[in-house]
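Structure assessment
So the chains spell out like this:
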Amino acid sequence: MNQDSNTQRRLELMRLIREENHNNQQRIRTREEILYGKSDSYGGIDEYGYPLSAAEYSRPEEGVHMSSFGLRLVIAVLLFGIYYFCRGQDLSIGGITTDRIEAAVNESETKLVDFISQFSYTLHDKLP
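What comes next concerns the included structure.

Cut-offs and rules
- Residues numbered from 1 in each chain as written.
- Predicted model: local features only at pLDDT ≥ 70, side-chain atom pairs only at ≥ 80, totals over all residues.
- Heavy atoms only, no water.
- Salt bridge = Lys/Arg side-chain N within 4 Å of Asp/Glu carboxyl O.
- Helix = DSSP H or I, 4+ residues; strand = E, 2+ residues; numbered from the N terminus.
- Buried < 20%, exposed > 50% of the residue type's maximum accessible area, 1.4 Å probe, protein only.
- Phe/Tyr/Trp six-rings, centres within 6.5 Å; stacked < 30°, edge-to-face > 60°.
- Expected span 1.5 Å × (residues − 1).
- Patch = residues over 30% accessible without salt bridge, like charges linked within 9 Å, V, L, I, M, F, W, Y side chains within 5 Å.
- Areas by Shrake-Rupley, 256 points an atom, 1.4 Å probe, with all protein chains shown as cover.

Looking now at the pattern of salt bridges. In total, this model carries 4 salt bridges according to the counting rule given. Among the salt bridges present, the one from Arg15 reaches Glu19, with a minimum N-O distance of 2.9 Å. Taken together, the positions of Arg15 and Glu19, both in helix H1 (residues 2-36) and 4 residues apart, correspond to about one turn of that helix. Overall, the relative accessible area of 41% leaves Arg15 in the partly exposed class.

Next up on the list: the packing of aromatic side chains. Taken as a whole and assessed by the stated rule, the structure comprises 2 aromatic pairs. Ring centres of Phe80 and Tyr83 lie 6.2 Å apart, and the angle between their planes is 40°; this geometry places the pair in the tilted category. Here Tyr83 and Phe80 lie together in helix H3 (residues 68-89), a separation of 3 residues that amounts to about one turn. The exposure class of Phe80 is exposed, given its relative accessible area of 52%. Relative to Tyr84, the ring of Phe80 lies with its centre 6.2 Å away and its plane at 25°, an arrangement referred to as stacked. One end of the pair, Phe80, and the other, Tyr84, are both in helix H3, 4 residues apart, so they sit about a helical turn from each other. Taken together, the aromatic side chains of Phe80, Tyr83 and Tyr84 make up a single cluster linked through ring pairs.

What follows is about H1. With 35 residues, H1 extends 50 Å between its outermost C-alpha atoms, agreeing within 8% with the 51 Å of an ideal straight helix rising 1.5 Å per residue. One or two steps after H1, the chain reaches Gly37, where phi turns positive at roughly 75°.

Because the α-helix completes a turn every 3.6 residues, residues three or four places apart line up on one side. Taking 1.5 Å of rise per residue, the 22 residues of H3 would be expected to cover 32 Å, and the 31 Å separating its terminal C-alpha atoms lies within 8% of that figure. Asp90 occupies a position one or two residues after H3 and carries a positive phi of about 55°.

Positive phi is not limited to glycine here, since Asp90 has a value of about 55°. With respect to the helices and strands, Asp90 occurs in the loop between H3 and helix H4 (98-126).

Okay, a nonpolar patch on the surface next. Taken together, Leu71, Ile75, Leu78, Leu79, Ile82 and Ile93 make up a surface patch of nonpolar side chains, about 570 Å² in accessible area. On the secondary structure map, Ile93 appears in the loop between H3 and H4.

Given below as structure tokens:
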């Protein structure tokens, strides 16, 4: 009889833990709806029988994903290659020479250095 009562207590405890876990997941989904605009109204069900959030339901299939960093890197390398080729051959593209590009970069660099030095002086003056 004692073993039956222990078993019943364990089963009840397991049921309570599962119920609390389910309630916590519902609270999280409600907060996600508020914070991120996710919604359970899509009708999807996950593997545990709980409704899916909008983000989970509309998740794209796993596949090849190229980030924008990779694309930007390829474009930068391509532009640098064109610049280097034009500099070596003394060519211009659309009336833009490599000397003009270098002048523009130097001007931008000077503006950046001036901004940083101005910021650091301002910060240094404010410190005790």
